[in-house]
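Geometric and topological summary
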Amino acid sequence: MTTHADTRARLRDIYAEAHEQTLHPNALGWPGPPDERELDFTSRVVFDRPGMAQAGCAYLVKELAQLAEIERHLSAVFRIITSQLGADTSPISEGYDLHHALNCFAAEEYLHADFFYRYVRELAGTDIKLADSLFSERLALYQGDDSPYVKLAAMCMAAYIGESVITVFEKRTAHLDPKREHFLTRLLWAHGMDEARHVQVDHVVLERIMPSFTQAERQRAFEIFTATEELNLELAGRFQGLVSGIFGLDHTLDNTAWDVQVRLAAVFREAMTSTWPPSPVDERLDDETRKLLREFAGTDRVHP
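For the structure given in this document, a descriptive report is provided here. (Residues numbered from 1 in each chain as written. Predicted model: local features only at pLDDT ≥ 70, side-chain atom pairs only at ≥ 80, totals over all residues. Heavy atoms only, no water.)

**Some thoughts on the layout of surface pockets**
Of the pockets and cavities examined, the largest pocket occupies roughly 850 Å³. Contributing to the lining of the largest pocket are 39 residues, with E63, Q66, I70, G162 and Q261 lying nearest its centre. Put simply, the parts of the chain that give the lining of the largest pocket at least two residues each are α3 (53-85), α6 (148-176), α7 (183-209), α8 (215-247) and α9 (256-273). Considering only residue class, the lining of the largest pocket consists of 22 nonpolar, nine polar and eight charged. What the second largest pocket holds in volume is close to 280 Å³. Lining the second largest pocket are 16 residues, with H4, I92, R208, I209 and S212 positioned closest to its centre. Sorting the residues of the lining of the second largest pocket by element identifies α1 (4-14), α6 and α7 as the ones contributing at least two each. If one sorts the elements of the lining of the second largest pocket by residue count, α7 sits on top with three residues. (1 Å grid on protein atoms, 1.4 Å probe; cavity = no way out; pocket = protein on both sides within 12 Å on 5 of 7 lines; lining within 4 Å. Points joined across faces, edges and corners; volume = space filled by probe spheres on them. Helix = DSSP H or I, 4+ residues; strand = E, 2+ residues; numbered from the N terminus. Nonpolar A, V, L, I, M, F, W, Y, C, P; charged D, E, K, R; others polar.)

**Digging into the packing of aromatic side chains**
Using the criterion set out here, one finds eight aromatic pairs in the structure. A ring pair is formed by W30 and F183, whose centres lie 5.0 Å apart and whose planes are at 55°; its orientation type is tilted. Pair noted here: W30 is in the loop between α1 and α2 (36-47) and F183 is in helix α7, with a separation of 153 residues, a long-range link. Relative accessible area serves as the criterion here: at 4%, F183 is assigned to the buried category. Ring plane angle 50° and centroid distance 4.6 Å describe the contact between F78 and F105, whose orientation is recorded as tilted. (Phe/Tyr/Trp six-rings, centres within 6.5 Å; stacked < 30°, edge-to-face > 60°. Buried < 20%, exposed > 50% of the residue type's maximum accessible area, 1.4 Å probe, protein only.)

**A short note on the pattern of salt bridges**
One pass over the full model with this rule turns up 21 salt bridges. For R72, the salt bridge goes to E69, with nearest N and O atoms at 2.6 Å. Residue R72 and its partner E69 are located together in helix α3, separated by three residues, close to a single helical turn. In this structure R72 comes out as partly exposed when scored by relative accessible area, which is 31%. With a shortest N-O distance of 2.5 Å, K291 and E295 are connected by a salt bridge. Placement of both K291 and E295 in helix α10 (residues 287-297) is noted, with a separation of four residues, approximately one turn of the helix. (Salt bridge = Lys/Arg side-chain N within 4 Å of Asp/Glu carboxyl O.)

As structure tokens, this is what we get:
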């Protein structure tokens, strides 16, 4: 039987070597606007063929700018949760292990937003600024009097879907570029070092915290999760409009990466909603999805 002490020890272990497994944005060696070689790689990553660099850049700009905005929101939500934990007397928050894990998680997400917002500006050759990112509305979902664990569960369920998708794309670039000769590969690798820890924290929440929820807490976590997903969907539409206006094209047409992303997101979302407690995504993969992963990213697992 897993105890609260076991859970605290697990969180401690996840972040024990984080200082050696992370990169500051300044350490990435930013190359500036992509050259022809990098643009060709972008085309192959996104469309599985050359000659689609502009649409490939549009796809990455839209998806990574949206991800940056979601990561910035996630960082702010964790600040609310950790503030509430100051008054929490639950055994799981004894000592500093939970606080440390969530504070590090939040700091890393804020730097990820910096990674991606900088990168998409270089891809687009212009500022990527959304006039209204619905930040206040998204943050308001987590400003009520729900317990910090309900908020943590809702946020982790919403984040875990996107974290799992971007992990597959990290594996795709590594599969196509194992020596990390391209900046996109190095960027996603740097992001993935932190993301691997975030996923491990998510698994702690899914497997060790959420099973103890009351029916009311479970319902409330799903309400906040669902509302977060709805606002994120609207956010995606706003970024789609912004990027379409900048590039003057529909980046989803005949787009291999987009098709895979949509299919995987549906599978990962089902993992969050079809069982209680929600399942780690690798426990929900059928043969067809594993085949898709092998063909797209050279692996039949999402997370280790």
